[in-house]
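# Chains, contacts and geometry: an overview
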Amino acid sequence: QVQLVESGGGLVQAGGSLRLSCAASGSIFSIDTMGWYRQAPGKQRELVAAITSGGITNYADSVKGRFTISRTSAKNTLYLQMNSLKSEDTAVYYCNAVIHSFVFWGQGTQVTVSS
């Protein structure tokens, strides 16, 4: 019933920028938290950034100062602006939302950063 649709992934050179988007739709009463996770081959899935309904943000240490998370509440749309990209940022990025105390995930979008 709840669907998260991601877009914006692709190939970019190191030092470049990319913006990811995620739109939530379906039977939604409220979204407490939305966030971005990523998983590289052979690695654990990790939190990149999250934002609460009140606008409080949380970032992984590895992306602080380079990535910015934001959202448009009226459209339940989440964004991740990624600047100064590094090869270590290469991963599948997943949109996440907490709705009615349940956790929902997008299908993931590939981000590849070339050296």
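Every residue gets a number counted from 1 within its own chain, in the order that chain's sequence is written. Reporting in this predicted model follows two pLDDT cut-offs: at least 70 for local features of residues, and 80 or more for side-chain atom pairs to be given and counted; totals over whole chains, interfaces and linings ignore these cut-offs and use all residues. Just so you know, side-chain values use all the structure's heavy atoms and leave hydrogens and water out.

## Side note on the state of the cysteines
Two cysteine sulfurs form a disulfide in these notes if their separation is within 2.5 Å. Taken as a whole and assessed by the stated rule, the structure comprises 1 disulfide. Linked covalently through their sulfurs, C22 and C95 form a disulfide whose S-S length is 1.9 Å. Here the disulfide of C22 and C95 is left-handed, its torsion about the S-S bond being about -80°. In this pair, C22 sits in strand β3 (residues 18-25) while C95 sits in strand β9 (residues 91-99), placing the two residues 73 residues apart along the sequence. Across this residue pair, the class does not change: C22 and C95 are buried. The helix and strand labels rest on DSSP assignments: H or I over at least four residues marks a helix, E over at least two residues marks a strand, and numbering proceeds from the N terminus. Note on classification: 1.4 Å probe, protein chains only; a residue is buried when its accessible area is under 20% of the maximum for its type, exposed when over 50%, partly exposed between these limits.

## Some remarks on the environment of G15
In this fold, G15 is placed in the loop between β2 (10-13) and β3. Distance from G15 to W36, taken between C-alpha atoms, is 20 Å for residues 21 residues apart in sequence. A contact between two residues is defined here by any heavy atoms of the two lying within 4.5 Å. Setting aside chain neighbours within four positions, we find G15 in contact with S84 and L85.

## Side note on the packing of aromatic side chains
In summary, the pairing rule links any two rings of Phe, Tyr or Trp, Trp by its six-membered ring, whose centres are within 6.5 Å, and it sorts them by plane angle into stacked for under 30 degrees, edge-to-face for over 60 and tilted for everything else. As enumerated under the stated definition, the model contains 1 aromatic pair in all. The ring of Y94 carries R45 above its face, with NZ or CZ at 4.2 Å from the centroid. Should the NZ of a Lys or the CZ of an Arg lie within 6 Å of a ring centre and within 35 degrees of the ring normal, that charge is described as sitting over the ring. In this structure, R45 is placed above the aromatic ring of W105, and the distance from its NZ or CZ to the ring centre is 4.7 Å.

## With respect to the pairing of strand β5 (residues 46-52)
A pair of strands is labelled paired if DSSP reports no fewer than 2 bridges between them. Alignment of strand β4 (residues 31-39) against β5, held across 6 bridges, turns out to be antiparallel. Of the residues in β5, the one forming a bridge with R38 is E46. Connecting the antiparallel pair β4 and β5 is a turn made up of 6 residues, with G42 showing a positive phi of about 75°. Relative to strand β6 (residues 57-59), β5 runs antiparallel, the two sharing 3 bridges. When the bridges of β6 are listed, A49 appears paired with Y59. Hairpin geometry of β5 and β6 is characterised by an intervening segment of 4 residues between the two adjacent antiparallel strands and by a positive phi of about 90° at G55.

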